[in-house]
Amino acid sequence: MELFDVYPLYNVTPVKAEDVYVWDENNIKYLDLYGGHGVISIGHSHPEYVKSLSEQLTKIGFYSNSIVNPLQQELAHKLGKLSGCENYNLFLCNSGAEANENALKLASFETGKSRIISFENAFHGRTSAAVAVTDNTRINAPINLQQAVTFLPLNDMELVIHEIGKGDVAAVIIEGIQGVGGLDEGTTEFFQEVQKECNKNKVVLILDEVQSGYGRSGKFFAFQHHNIQPDVITVAKGMGNGFPIGGVLIADKYKAKYGMLGTTFGGNHLACAAAISVLDIMENEKLLANVKKVYAYFLQEISTVPKIKKIKGKGLMLGIEFDFEVGELRKKLIFDKHIFTGGSNNKKLLRILPPLSIKKEHVAIFINALKEILDS
Ligand SMILES: Cc1ncc(COP(=O)(O)O)c(C=O)c1O
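Every value quoted in this text rests on a predicted model; they were computed, and no experiment measured them.

For the rest of this paragraph, the subject is the site of the ligand. Near the ligand there are 14 residues, and of these Ser 95, Gly 96, Ala 97, Gly 125 and Val 210 occur at the shortest range. Of the residues assigned to the shell around the ligand, the class counts are five nonpolar, seven polar and two charged.

With that settled, consider the domain arrangement of the protein chain. Reports often express the size of an interface as the amount of accessible area lost when the parts come together. According to the domain assignment, the protein chain consists of domain 1 (14-42 + 286-375) and domain 2 (47-284). For domain 1 and domain 2, the distance between their C-alpha centres works out to 26 Å. Contacts between the two partners involve 23 residues from domain 1 and, on the opposite side, 26 residues from domain 2. Contributing elements (two or more residues each) for the side of domain 1 that touches domain 2: helix H1 (35-38), helix H9 (287-302), strand E11 (308-314) and strand E12 (317-322). Among the elements that take part in the side of domain 1 that touches domain 2, H9 stands out by supplying five residues, more than any other. Here the residues of the side of domain 1 that touches domain 2 sort into 11 nonpolar, nine polar and three charged.

Strand order in this open sheet of three strands is E11-E12-E14, and the pairing throughout is antiparallel. Each end of this open sheet is capped by a strand with a single partner; those strands are E11 and strand E14 (349-352). Neighbour-to-neighbour, the strand axes of this sheet turn through a mean angle of 15 degrees, independent of strand direction.

Now for the pairing of strand E5 (residues 115-119). Among the five residues of E5, four are classified as buried, and the element is accordingly described as predominantly covered. Bridge count between E5 and strand E7 (residues 169-175): three bridges; the pairing is parallel. Across the sheet, the residue bridging to Ile 117 is Val 172, located in E7. Here E5 runs beside strand E6 (residues 149-152); their pairing, made up of four bridges, is parallel.

Let us now look at helix H11 (residues 360-375). Three or four residues apart is the spacing at which side chains of an α-helix point the same way, because the helix has 3.6 residues per turn. With 16 residues, H11 should reach 22 Å at 1.5 Å per residue; the first-to-last C-alpha distance of 22 Å fits that figure. By the burial criterion, the buried members of H11 are His 362, Val 363, Phe 366 and Leu 370. The arc that holds the buried residues of H11, viewed along the axis, is 100 degrees, so those residues lie on one side. H11 presents Glu 361, Glu 372 and Asp 375 as exposed residues on the side facing more than 90 degrees away from its buried surface. Structurally, H11 contributes buried residues whose contacts are with strand E3 (29-32), H9 and strand E13 (339-340).

How each quantity is defined
Residues numbered from 1 in each chain as written. Predicted model: local features only at pLDDT ≥ 70, side-chain atom pairs only at ≥ 80, totals over all residues. Near = placed C-beta within 6 Å. Nonpolar A, V, L, I, M, F, W, Y, C, P; charged D, E, K, R; others polar. Domains from an automatic or database assignment. Contact = placed C-beta atoms within 7 Å. Helix = DSSP H or I, 4+ residues; strand = E, 2+ residues; numbered from the N terminus. Pairing = 2+ DSSP bridges. Axes fitted to C-alpha atoms, helices over the stretch in contact; angles between N-to-C directions. Buried ≥ 20, exposed ≤ 12 C-beta atoms within 10 Å, placed from the backbone. Expected span 1.5 Å × (residues − 1). Arc of directions from axis to C-beta.

What follows is the structure in structure tokens.
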């Protein structure tokens, strides 16, 4: 059997990783400014994380959601405390798409309605409803197009009010900062007005923090830069530092019913051990403070690099926009300078999503490499 060939690959084979570095099978060391697609939060192979997972595996790795699993409760308490979202309840699942799928389903159950407002260039995952609210026709099959979705431009409040006014909207779903789309984001005024309009009309406001959450923006959630309180928040990526886990944080006002949501694997013992360890390490190593410090240094240093049009994003969720397409630049960064970076729907944008443990010295290595390539 061969693999179903859906991923265009860079010809690099990582076999080992530690903190912000990855090694290939020829022992070449790469600086990881992409964090395996924004997944690595506490750094690769963190020794305490490895210890927690290994110890958990020797006890019990998995049983079903029909038994008591105290690790789920511990995770919910820790996440509530560290994120400042104690008045939410947690539903655990396995990925970002699944988190959004369940968030949309919950909104539809609660309102009895089905139309969703999403935004241009949004990415919310690849399952049925999650892909339908993703603004990319190439990854929507005819079966996905049955969903009622309206895509609006970011920051156009008049259109949001107009669409909500029609009375058939279950939810508005929006990323804290757009990831795959290219690091665009709503203004504070827009987020606050959207929340007000949703509250007024009993429309569920879903904040997709799958990529922008877990400290990446310098606050635990990116929406916390705008002083709002969404009804539902979705998380995944950095939550398990590579161990598959996702979550839906659901405001207290929504009441759970048995069987309303469910999953076989979601919230299993091993996944919870990974997620608890991530939160402990984020807290003990003060990673949010580190994000702010490294971001300030990045902004200062990147201003010395030529040919840059714009810096987008916040914290360690950054986009560097040039006035040329960055495909060749990314290849030179990987193969000549041994630095991983990311791309996005915006072909002129380099996406930077490093482990949150990155230090100024690593940013300096990147800035020098960028200057050398752009000067050559
Ligand atoms: C904002 C956002 N939401 C949802 C997803 C989907 O997550 P997953 O690939 O874990 O299903 C992604 C993945 O890139 C994302 O960036």
